[in-house]
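Chain by chain, the residues:
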Amino acid sequence: MADKPAGAARELNSILATDCGSTTTKAILIERQGGEYRLVVRGEAPTTVEKPFEDVTAGVRNAVREVEELSGRRFLSDEGIIARSGGTGDGTDIYLSTSSAGGGLQMMVAGVVKQMTAESAERAALGAGAIVMDAVAVDDGRLPHQKIERIRNLRPDMILLSGGIDGGTITHVVQIAELVAAAEPRPRLGIGFKLPVIFAGNKDARPHIQRILRDKFDLRTVENIRPVLEVENLGPAREEIHNLFMEHVMAQAPGYDKLMKWTQVPIMPTPAAVGYGMQNAAKQHRMSVIGVDIGGATTDVFSVFGEEYELFTRTVSANLGMSYSISNVLLEAGTENIVRWVPFDLDLTDLRNRIRNKMIRPTTIPHTLEELLIEQALAREALRLAFEHHKTLAVGLKGIQRREEDIARMLSQESTGQTYIDLMALGMLIGSGGVLSHAPRRAQAALMLLDAFLPEGVTQLAVDSIFMMPQLGVLATVHPEASAQVFDRDCLIRLGTAIAPVGPGREGEPAVTVQAELPGGRTVTEHVPYGGLRRIPLDVGQEAQLEIRPARHLDVGAGRGRTLRRKVQGGVVGIIVDARGRQPFGLPADGKARLKKLVEWIVALDAYPMETLERLVPGAAEVAAAG
Amino acid sequence: MAHAYTPGLKVTGYTVLEKVRRLPLKGEVLVQVGDEVEPSAIVARTSIPGDPETINAAHELACDPQEIPRHMLKQPGERVAAGEVIASYQAFFGLLKKRVVAPVDGTVEHVSEVTGRIILRRPPIPVEVRAYVRGRVKEVLPEEGVVIEARGAFVQGIFGVGGERQGTIRLLADSAEAVLDADAITPDCRGAVVIGGSLVTGAALRRAAEVGCAGVVAGGIIDRDLLEYLGYDIGVAITGHEDVGCTLIVTEGFGRIRMARRTFELLRALDGWEASINGATQIRAGVMRPELIVAGYRPPGITDGEVPASEGLVAGTPIRAIRDPYFGLLGEVVELPPELQPIETGARVRVLRARLEDGRTVTIPRANVEIIEG
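A brief look at the structure comes next. What you are looking at is a predicted structure, and each value in this text was computed from that prediction instead of being measured.

Each value, and the rule that gives it
- Residues numbered from 1 in each chain as written.
- Chains lettered and ligands numbered in written order.
- Predicted model: local features only at pLDDT ≥ 70, side-chain atom pairs only at ≥ 80, totals over all residues.
- Heavy atoms only, no water.
- Helix = DSSP H or I, 4+ residues; strand = E, 2+ residues; numbered from the N terminus.
- Buried < 20%, exposed > 50% of the residue type's maximum accessible area, 1.4 Å probe, protein only.
- Contact = heavy atoms within 4.5 Å.
- Areas by Shrake-Rupley, 256 points an atom, 1.4 Å probe, with all protein chains shown as cover.
- Lys, Arg positive; Asp, Glu negative; His and termini not counted.
- Charge placed at Lys NZ, Arg CZ, Asp CG, Glu CD.
- Pairing = 2+ DSSP bridges.
- Axes fitted to C-alpha atoms, helices over the stretch in contact; angles between N-to-C directions.
- Core = buried A, V, L, I, M, F, W, Y, C linked by side-chain atoms within 4.5 Å.
- Phe/Tyr/Trp six-rings, centres within 6.5 Å; stacked < 30°, edge-to-face > 60°.
- Lys NZ or Arg CZ within 6 Å of the ring centre and 35° of its normal.

### So, the overall build of chain A
A count of helical and extended segments in chain A gives 20 helices and 24 strands. When each of the 627 residues of chain A is scored for burial, the buried share is 60%. Long-range pairs, those at least 24 residues apart, make up 69% of the contacts in chain A with a sequence separation of at least 6. With an accessible surface of roughly 23,700 Å², chain A has 48% of that area assigned to carbon and sulfur atoms. Once the 70 positive and 77 negative side-chain charges of chain A are each reduced to a mean point, those two points are 1 Å apart.

Okay, here's the thing in structure tokens:
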């Protein structure tokens, strides 16, 4: 666009945003209607970064053309996107874009201590939207020559080098820099370019780092990410990562030089935008959020916690996905963990061949119910493992001295570096990615989320309908309110609210009683035994006043055995009372009992077509009739 | 989206291929546009910096790191031979002698007075890029490599392991259904690219590596057999660098799956021809499939102007089902209903109606077929 006014300073009535993904470019048009922002239309087209097009703007044009056709307005000119100038209705007030095409942003990080500066560097890189290929540290257990070999074999887009608090160790920081210099890793893109290295460590080490790295690398220096042990200062490093992403990664990707001129704010890496969008949503709705995006190759998990929703963490499980990396899910989870979710007996050799065939033909979809159940079993494990990984990075700072007010926590045996993910405090769990967003029945998505994340107490469940979080994230940087409104009204499909008592129990014993005052004054009471799952229908947009009475040894958020009164939201599935157990959750060890339990839960949520299920799992209809 | 189907693997008796042969670092291109090259011809070369060797000199000399530069006998930039003394330290009037010996041939690259380490760089490693296929140099990428144009038969597989190799095609299966077992692979298969039918067994694969076959091409492989052949499990679909005796190309997938008749018949016709093969597979953006190329082959009656182009998915297009319940079956598109249709899972998706080889007409999600490309 020709003129570049600051988006935030202007009245925005029409917003056009694209996300250039590795396979698909998605465009959305948002407009202000009657005082609120709503999604108007969307369009998509294949991404055109690779041959034969090798110009990302071709895919953007195709996606926007679909928006033009559906909206009956013009947004494209020969020069790019038309800036709106009143009268005709053509053009947009602002055009924004995100990108993960061409493999996204791939980084190596390094620090002195694995669980301190290297971990902070990893958080900085992940939060900036990168895939972290490796985190090298002085104490990571590898010998110098092994580290050098590893660094040499990586082809990152950039390196983030940290280490030492200000005024602390210089020797160890220099040691890591020497290893990087000796390894001379080459950048992923551009045969003749110098690899960018960001130094965000001990400021006293800067002259040494300059001397060691400046000739071989494009060296940038920013403030220390751990200036003192108790403080993590990720902002400057993240900002520099974004600058380099634009200067190096985007500038070398085909067509981005043009696209960068079209957009009015810098193009954001897609995952960074999603993270920003999640944070914005948490703040606007005043609730902690966990979001997950399960793709073909990777699974991203985002969490926003804290009193002011200041604790934001993003992790990428680079090799947990539903197609390209599906064999790795099998490898990491193990066959037993996958099979435990399948409600019929399976031949294991056949299962392994099926998984491999999905890997080599990643765009195929389950045609039979049997295939769908297997794929969703794999998804549960991919999600579970990604969440486990997330919890190891969503932690308080490690190695810090306790302050006096922490003495109580010390006495309760909590140590520094514990995860701050508190599932009881979680307000909303959002799933996205094909296997969740396109599950044939929404109850399947709800079950997958419950099984993988095991939320506790009262938690809203939702899926992102068409994955517009990236566009809403970049929009949040210029207009948080518009972003939050569209997120709430058009982006999410609300599945409902889950109620899960926490604590040990015995199968069949009373676990929880839920009394729901439904719209229209009707009251429903469900007595759910331990090990059971029940659904109380409550539509999207409806609210119900609940009285939740857990058994004496169980907790739903008010304390053990204490009644919780709470207003909850409905959804396409409704209220799900999940008394299957938390801390611990377990499936019966006996094969037959396990299959019976799985069928019971499927039936409780009406998750699959009963006629087909009966063919696959004889007796399912009987369970349904009994229920 | 208009192209919601798998484009399909190319299997053709004659096509024009362009192969980019690129150096990992800038270097020297050794051929010119128009040159005819053989697969073994070196078309470009460079040298990559040798591996570094780190020596903890402060520890070996038992002195402070900042003293190391004073004790160096060789300075950064100087060459040293393995066994040569590069730093020494004497104390107490020569009673205490310590020295640092170069563990390898190389050049002193860096002496750190902060960490007390010396970094030696081993001699540069020469890297050569070969033509890989017989053809003509179409373009020179200055300092980086070349584009080679080859004309001939081209068969893409679905998955492979092992890198680039050349060998004579040797048909060992009498039909596309036949299983390739170990006893069919005899010592005279050394250097050959052997062709099986529906399956190569684990024993056959090991035997092929033992006798020195260049490669094996078959319809399918059992997952466990691949794991045993490699010695480890593959997590993500990025292959080509495996250290295996012979390259494997699977044309259909995992399990016993009859090789597509068209593929099998073409390989039968290529029996005795020299092939270039590569098992490298990468199934992410920039899809790379394993391949077999026979440059110089031209089926009777084909001229240069007759390289057929794919029309996409239309009635009459030959297809292969690539997922259960019809996995591996071949057929022909009968109808492409535009509306979304329900399938057994309950999902509503874009489908096609296809007549299978066994005479059945079935409905299949479009995402679950691939075009058999010619």
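There is more to say after this.
### Observations regarding the environment of Ala102(B)
Residues and elements named next belong to chain B. For Ala-102, the position within the fold is in the loop between strand S8 (96–101) and strand S9 (106–111). The class of Ala-102 is buried, set by a relative accessible area of 3%. Residues Ala-102 and Ala-81, 21 residues apart in the sequence, show an inter-C-alpha distance of 6.7 Å. Apart from residues lying up to four places away in sequence, Ala-102 is in contact with Val-80, Ala-81, Ala-82, Gly-83, Glu-84, Ile-86 and Leu-120.

### Details of the sheet that holds strand S6 (residues 79–80) of chain B
Ordered by their spatial adjacency, 4 strands build an open sheet running S5-S10-S9-S6 (chain B), and the pairing between neighbours is antiparallel. With partners counted over all chains shown, the strands left at the sheet margins are strand S5 (52–56) and S6 of chain B, one partner each. As judged from the 4 bridges shared by S9(B) and strand S10 (residues 117–121) of chain B, these two strands associate in the antiparallel manner. Across the sheet, residue Thr107(B) finds its bridge partner in S10(B), namely Arg121(B). Across the face of the sheet, helix H3 (residues 144–153) of chain A comes into contact with S5 and S10 of chain B while running at roughly 150 degrees to S5(B). Helix H4 (residues 171–183) of chain A rests against S5, S9 and S10 of chain B of the sheet, and its axis sits at about 5 degrees to S10(B).

### Remarks on the nonpolar core
Residues and elements named next belong to chain A. Counting residues in hydrophobic clusters, the biggest one holds 103 residues, and the most contacted among them are Ile-290 and Leu-436. Leave out the neighbours within four places in its chain, and Ile-290 touches Val-301, Phe-302, Ser-303, Phe-305, Phe-387, Ile-421, Leu-423, Leu-426, Met-428, Leu-429, Ile-430 and Phe-453. Among the nonpolar cores identified, the runner-up in size contains 50 residues, and Ala-27, Val-109, Ile-131 and Ala-253 belong to it.

### What to know about the packing of aromatic side chains
Residue and element names in this part refer to chain A. By the definition in use, this model includes 6 aromatic pairs over all chains. Between Phe-387 and Phe-453, the aromatic rings sit 4.7 Å apart at their centres with planes inclined by 45 degrees, giving tilted as the arrangement. One end of the pair, Phe-387, is in helix H12 (residues 369–393); the other, Phe-453, is in helix H15 (residues 442–453), and 66 residues separate them in sequence. We note that Phe-387, like Phe-453, is buried. A connected cluster of aromatic rings, assembled from ring pairs, spans Trp-341, Phe-585 and Trp-601. Above the ring of Trp-601, the side-chain terminus of Arg-580 is found at 4.7 Å from the ring centroid.

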